[in-house]
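# Structural characterization, general
One letter stands for each residue in the lines below.
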Amino acid sequence: MSTWNIELDTWEDRADLLPEDAELVQSAARGLPLAHAPYSRFHVAASVRLADGRILVGTNQENASYPVGICAERVALSTASSVAPGAAVVVMAVVYAPSGQTSHKPLPPCGMCRQALHEQRCRQGQPFALIMAGTAGPVWKTPDASQLLPFAFSGDDLP
Ligand code: THU
């Protein structure tokens, strides 16, 4: 029998976050207006801090053909990979605002994004942290985003 554990730090008050984590959460929150979410009105922004210190932001980009839409996390990872090829992601922070309203519950990433986060972890050969937050209220952080997809499929499984 095998068991998988997920390490999760939680903060009730974001004033207690490390300053660099608070900065990344704020950066994501500032990116929320860049979301293109006319169909769900669920605005999501993901900020990544790269090993060289750069911070890049991605937001969800929806499409009238609904499945074409892409989540903020995958936009952020694709942006990082394109703008700073080879630079490791150190931390990602995800913030959301439904219909532009205040949100109070941290947002766990969807399954497809968990697969993309896992791919990034394999690609860079080292784990990176994931911070989940609303625009207010508690904050969650896992030191290894790929822990959110236990028993994951990866390139190693391909022949
Ligand atoms: N969304 C994200 O951007 N990230 C997630 O992890 C969950 C969902 C987006 C996709 C869609 O544009 C909207 O939120 C509603 O599902």
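For the structure, check the block above.
Predicted model, so just to flag it, every value in this text is computed and none were measured.

In space, the 6 strands of this open sheet follow the order β1-β6-β5-β4-β2-β3, with mixed pairing throughout. The open sheet has two free edges, formed respectively by β1 (9-11) and β3 (55-59), since each of these has just one partner strand. In this sheet, neighbouring strand axes are inclined to one another by 15° on average, regardless of whether the strands run parallel or antiparallel. Sheet topology places strand β4 (residues 89-98) next to strand β5 (residues 129-133); 5 bridges connect them, and they run parallel. Its bridge partner being in β5, V95 is matched across the sheet by A133.

Turning next to the site of the ligand. In the vicinity of the ligand, the contacting residues are S40, F42, V44, N60, E62, C71, A72, E73, P109 and C110. N60 is positioned such that a nitrogen or oxygen atom in its side chain is 2.9 Å from an oxygen atom of the ligand. Within the contact set of the ligand, an oxygen atom lies 2.7 Å away from a side-chain nitrogen or oxygen of E73. Contact with the protein chains hides 76% of the accessible area of the ligand, taken as 370 Å² for the molecule alone.

Let's shift gears to helix α1 (residues 19-31). When the terminal C-alpha atoms of α1 are compared, their 18 Å separation across 13 residues agrees well with the 18 Å that a helix rising 1.5 Å per residue should span. Considered for burial, the residues of α1 that qualify are D21, A22, L24, V25, S27, A28 and G31. In this structure, the buried side of α1 is in contact with β2 (42-50), β3, β4, β5 and β6 (139-142).

Moving on, we come to the packing of aromatic side chains. Counted according to the given criterion, the structure contains 3 aromatic pairs. Look at Y39 and Y66: their rings are 5.5 Å apart centre to centre, the planes differ by 45°, and that puts the pair in the tilted class. Linking Y39 in the loop between α1 and β2 with Y66 in the loop between β3 and α2 (72-83), this pair joins segments that are 27 residues apart in sequence. Take Y66: its relative accessible area is 59%, and that puts it in the exposed class.

Criteria and thresholds
- Residue positions are counted from 1 within each chain, in the order its sequence is given.
- Reporting of local features is limited, given that this is a predicted model, to residues whose pLDDT is at least 70; pairs of side-chain atoms are given and counted only at 80 or more, and all residues count toward the totals for whole chains, interfaces and linings.
- Water and hydrogen atoms play no part in the side-chain values, which are based on all heavy atoms of the structure.
- Here, any two strands with at least 2 DSSP bridges between them count as paired.
- Numbering of helices and strands runs from the N terminus; a helix is a DSSP stretch of H or I covering at least four residues, while a strand is a stretch of E covering at least two.
- Between N-to-C directions, angles span 0 to 180 degrees; the directions come from axes that are lines fitted to C-alpha atoms, helices contributing only their stretch in contact.
- One heavy atom within 4 Å of a molecule or strand is enough for the residue carrying it to be called near that molecule or strand.
- Polar contacts, as used here, are pairs of N or O atoms within 3.5 Å; protein pairs need one atom able to donate a hydrogen and one able to accept it. Residues neighboring in sequence count only if both atoms are side-chain atoms.
- What sets the accessible areas is the Shrake-Rupley method with a 1.4 Å probe; for residues, cover comes only from the shown protein chains.
- Expected helix span is taken as 1.5 Å per residue step, with the number of steps being one fewer than the number of residues.
- Note on exposure labels: buried denotes an accessible area under 20% of the residue type's maximum, exposed denotes more than 50%, and partly exposed covers the range between, all computed with a 1.4 Å probe on protein chains only.
- Working rule for contacts: check all heavy atoms of both residues, and any pair within 4.5 Å makes them a contact.
- When two rings of Phe, Tyr or Trp (its six-membered ring) have centres within 6.5 Å they constitute a pair, described as stacked for plane angles under 30 degrees, edge-to-face for angles over 60, and tilted for the intermediate range.

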